Amino acid sequence: MAPPELPDTATVAGVPVDTRHWIGGTRVASVRDAADSATAATFTDHSPIDGAPLAEIARGGPGEARAAVAAALEAFPGWAATPPAERARSLHAVADGVEARADELARVETADNGALLRSHRRGVMPRVAHNLRSFAERLLALGHDDFDTRGHTNHVSWDPAGPAVLITPWNAPLMLASWKIAPALAAGNTVILKPAEWTPLTASLFADITHDAGLPPGVFNVVQGYGPEAGAPLVADPRVRRVSFTGSVPTARRIAAAAAENLVPCSFELGGKSPLLVFADADLEHAADLAVEQYDNAGQVCLAATRILVEQSVRDVFLGHFLDRVRELRQGDPRDEVTGIGPNIHPRHIDRVDGFVRRALEAGAKAVIGGGPNTELGGTYYLPTLLTDVAQDSEIVQEEVFGPVLTLQTFPEGDEDEAVRLANGTRFGLAATLATGDRARAERIAARLVAGTVWVNCFFVRDLSAPFGGSRQSGVGREGGDWSFDFYCDLKNTVTAPGGWEGARRG
C-alpha cells in the first residue's frame, strides 16, 4: 500500500509554511525512486517548546542537491551580469519583504527553535533586514583606488565566483543565514541554502519573500534535509564555487575534505569556548550582568563566554552579584514576555548538555546553581548552571557544551599572565570578553588574547563593517565588511599599459 500523501503546507503559529524545497523558482517535493526506497521522502520537524510536531518536511537527497546546483548554475550568468545597482535594489526589496513579514517570521522561528519571541521580534528579524540592506549598500561602495606600477595602471575588481552552498545552524536560523545570503547575492553569486534539519521553517518563508521581491528563478534555492543526505552531495558537487558553513568542527572537517577535491574555497565559523575575564578593578555588578548574558538563547550561542575567569580577591563578591541575577531569570515558554530563558533545541541536545555536566560533577566539580534538567518544566528545558572546582584540562572547560552551562575559575591577584594563560588555554579562539576599570590593562590583555573578537566591558556588540570569525579551531576566514566580498568573489587585477591606445595598436 502506498503511503498517504502529506500536505505541502503546514500552519505554524498561525502562519502557512510550504514544506517543500525551493529549486529554480519552483516548489519541489522529495521523491525517492526504487533504488532509494529505504529513505523516507520527508522528516518530522518538532518544536522544542513542547515537543509537538510542527510539519512534515521534504527530505532532500542527491537528486535534489544536483537539481539545486543545476538551477543555480543556469541562473548564474544572468545574475552575475546584473549591474550592482540592480542587485542592490533586489536585496532592498527582499529586506522590505522581511520587514513586512517580520512578526510572522518571529512567531514561526520561535516555534521552530525555542528562542524568545520578544528577541525575535525586537532584535533578530530586524537584524535580518539590516544584514540585507547593509551588504546592498556596501556593494555600491565596493572598490579600490587604481594604483601605478612603472606607469602602468592597476585596477582591482571583484568578480562573482559562481554557485555558493551555504549551510547554516539551528541556533539563529534566519539571522545567520542572512549573514551569508546577503553578501553572496550582492557579490553576484547564486545561492543554495541548506538549513539545519531541526529548524527549516523560516528558510522556506524566506524563499517566498525572495520570489515576491522578484529574484530571478535559480538565484536563490533551498534544499532541506540531513547533512549526510543533502549537505554532503551539495559540498562535493564540482559545479559549486564557494562553501560557507557555520557549525561544529567535526562537520567542518568533512566539508573541507569534500570541497578540497574540487579546490573550492570554504569559510567556516565553528565552535567557541570563550572566556570572560573579570579583574578586581572592574565594576563587579556590571561584570555579573555580562556573565548572566551568557545564558542568552539557553546558552546556544557560539560566542558565549562560558568560562568565567575571576581575580581571586573578588571571587565571592562577584559570585554573589551573579547568583542574585540568575535567580531573577524566569525559565519557561519563550512566547511569554516575562520569560528570560527558554528551552534547548532538541532532546538529543539536552542529553548531550547533561552528559557534560554529569561527567564534570563525577570528576569533582560543584554546581553552585543548576546542574541538571528543569524537572518542573520537563522536555528540553535545562536549568541555568554554574560549575566551580573545575580543572583547566577538564572536559567541561575544554569542550563546547552549547547549553546554559558556565564554569568559574580564579587567577591570583594581579597576575595578568595567568589570566591570559587560562583564557587562551583551549583549542578555540572565537571571542573573549574582558571586564576591567583600567584602560591600559584592557589594551594589554586584549592584545594578548587569541580571539576573533574581543569585547571590553560589553558583550555581543557587532557591526557588519567589522571582520568576524575565529582563530585556531573556531574557524577559517573572516566575514563582514569587504572581507565577505573577498570570499564570495574572485578578485581580479587588470593592468593597463601606458602611452595610449594608438601606441598599443602599433605594437
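These lines cover the structure that appears in this document, whether it is placed above or below. What you see is a predicted model, and the numbers here were worked out from it, not measured in a lab.

**Looking at the overall build of the chain**
A count of helices and strands for the chain gives 16 helices and 22 strands. Against the 2.2 N^0.38 benchmark of 23 Å for 507 residues, the chain shows a C-alpha radius of gyration of 24 Å, consistent with a compact globule. Based on the C-alpha atoms only, the size of the chain along its principal axes is roughly 80 × 75 × 40 Å. Taking the intrachain contacts of the chain between residues at least 6 apart in sequence as the baseline, contacts between residues at least 24 apart amount to 72%. Across the chain, the 47 positively charged side chains and the 64 negatively charged ones have centroids separated by 3 Å.

**Digging into the side chain of His349**
Looking at the secondary structure, you find His349 in helix H11 (residues 347-362). Within the structure, His349 has its side chain in polar contact with the backbone oxygen of Phe402 (distance 2.7 Å).

**Concerning the pairing of strand E8 (residues 152-160)**
Sheet analysis places strand E7 (residues 147-149) next to E8, joined by three bridges and oriented antiparallel. Within the sheet, the bridge partner assigned to Thr149 lies in E8 and is His152. Linkage of E7 to E8, two consecutive antiparallel strands, is achieved through a turn of two residues, within which Arg150 is found at a positive phi near 50°. Pairing of E8 with strand E22 (residues 489-496) involves eight bridges; the strand directions are antiparallel. Each residue of the ladder has a partner; that of Asp159, found in E22, is Asp490.

**Points about the pattern of salt bridges**
Taken as a whole, this structure holds 29 salt bridges when the rule is applied. Among the salt bridges present, the one from Glu337 reaches Arg122, with a minimum N-O distance of 2.0 Å. With Glu337 in the loop between helix H10 (315-328) and H11 and Arg122 in helix H4 (residues 117-141), this residue pair connects regions lying 215 residues apart in the sequence. The class for Arg122 is exposed, based on a relative accessible area of 58%. With a closest N to O distance of 2.8 Å, Arg441 and Asp281 form a salt bridge. On the criterion of sequence distance, the pair formed by Arg441 in helix H14 (residues 439-448) and Asp281 in the loop between strand E14 (275-278) and helix H9 (284-292) is long-range, its members being 160 residues apart. A residue is classified by how much of its surface remains accessible, and Asp281, at 32% relative accessible area, is partly exposed. Each of the salt bridges in this network shares a partner with another, and the network as a whole consists of Asp8, Asp18, Arg20, Arg27 and Asp208.

**With respect to the nonpolar core**
By size, the foremost hydrophobic cluster in this structure holds 77 residues, and its most contacted members are Leu132 and Phe220. The element that contributes the greatest number of residues to this core is helix H5 (residues 173-186), accounting for 10 residues. Not counting the four nearest positions on each side in its chain, Leu132 is found in contact with Leu91, Val94, Ala95, Val98, Ala182 and Phe206.

**A closer look at the environment of Asp148**
When you line up the elements, Asp148 lands in strand E7. The exposure class of Asp148 is exposed, given its relative accessible area of 53%. For the pair Asp148 and Val495, spaced 347 residues apart in the sequence, the C-alpha separation amounts to 9.1 Å. Reaching out from Asp148, the side chain makes a polar contact with the backbone nitrogen of Arg150 at a distance of 3.5 Å. A polar side-chain atom of Asp148 sits 3.2 Å from the main-chain amide nitrogen of Gly151.

**Some thoughts on the packing of aromatic side chains**
The tally for this structure, following the rule as stated, stands at 14 aromatic pairs. Taken together, a centroid distance of 4.8 Å and an interplanar angle of 75° make the contact between Phe487 and Tyr488 edge-to-face. Grouping residues by exposure puts Phe487 and Tyr488 together as buried. One aromatic cluster is present, formed by Phe135, Trp179, Phe468 and Phe485 through successive ring pairs. For Arg242, the ring lying beneath its charged end belongs to Phe487, and the centroid distance is 5.9 Å. Seen from the ring of Trp179, Arg462 lies directly overhead, with NZ or CZ sitting 4.9 Å from the centre.

**Brief notes about the pairing of E14**
Here E14 shows no split at all, with Pro275 and Leu277 on one side and Leu276 and Val278 on the other all buried. The pairing of E14 with strand E15 (residues 307-311) spans four bridges and is classified as parallel. Note on E15: the bridge partner recorded for Leu276 is Ile308. Taken together, E14, H9 and E15 form a β-α-β motif whose crossover is right-handed. Two elements, E14 and strand E19 (residues 431-435), share three bridges in a ladder whose sense is parallel.

**So, unusual backbone geometry**
Unlike most non-glycine residues, Ala298 shows phi in positive territory, near 55°. Following the sequence through the fold, Ala298 ends up in the loop between H9 and E15. Phi is positive for Asp389, close to 55°, though the residue is something other than glycine.

Reading the values: the criteria
- The residue count restarts for each chain, going from 1 along the sequence in the order it is written.
- With the structure being a predicted model, the display of local features is reserved for residues of pLDDT at least 70 and the display and counting of side-chain atom pairs for 80 or more, all residues being used for whole-chain, interface and lining totals.
- Where side-chain values are given, they derive from all heavy atoms of the structure, hydrogens and water being excluded.
- Secondary structure elements are taken from DSSP: a helix is a run of H or I of four residues or more, a strand is a run of E of two residues or more, and numbering for both begins at the N terminus.
- The globule rule used for comparison is 2.2 Å times the number of residues to the exponent 0.38, while the radius of gyration itself is calculated over C-alpha atoms.
- A contact between two residues is defined here by any heavy atoms of the two lying within 4.5 Å.
- Residues scored as positive are Lys and Arg, those scored as negative are Asp and Glu, and His as well as the terminal groups of each chain are ignored.
- Lys charges are placed at NZ, Arg charges at CZ, Asp charges at CG and Glu charges at CD.
- Polar contact is the term for a pair of N or O atoms within 3.5 Å; when the atoms are in protein, one must be able to donate a hydrogen and the other to accept it, and sequence-neighboring residues count only if both atoms are side-chain atoms.
- When DSSP finds at least two bridges between two strands, those strands are taken to pair.
- For salt bridges, the criterion is a side-chain nitrogen of Lys or Arg within 4 Å of an Asp or Glu carboxyl oxygen.
- With a 1.4 Å probe rolled over the protein chains alone, any residue whose accessible area is under 20% of its type maximum counts as buried; one over 50% counts as exposed, and the rest are partly exposed.
- Side-chain atoms within 4.5 Å link the members of a nonpolar core, which is a set of buried Ala, Val, Leu, Ile, Met, Phe, Trp, Tyr and Cys residues.
- Pairs were defined over the aromatic rings of Phe, Tyr and Trp, the Trp ring being its six-membered one, requiring ring centres within 6.5 Å. Orientation was assigned from the angle between planes: stacked under 30 degrees, edge-to-face over 60, tilted for the rest.
- A positively charged side chain is recorded as over a ring if its NZ (Lys) or CZ (Arg) lies within 6 Å of the ring centre. The angle to the ring normal must also be within 35 degrees.
- With strands facing away from the observer, any crossover in which the path from the first strand over the helix to the second runs clockwise is taken as right-handed.

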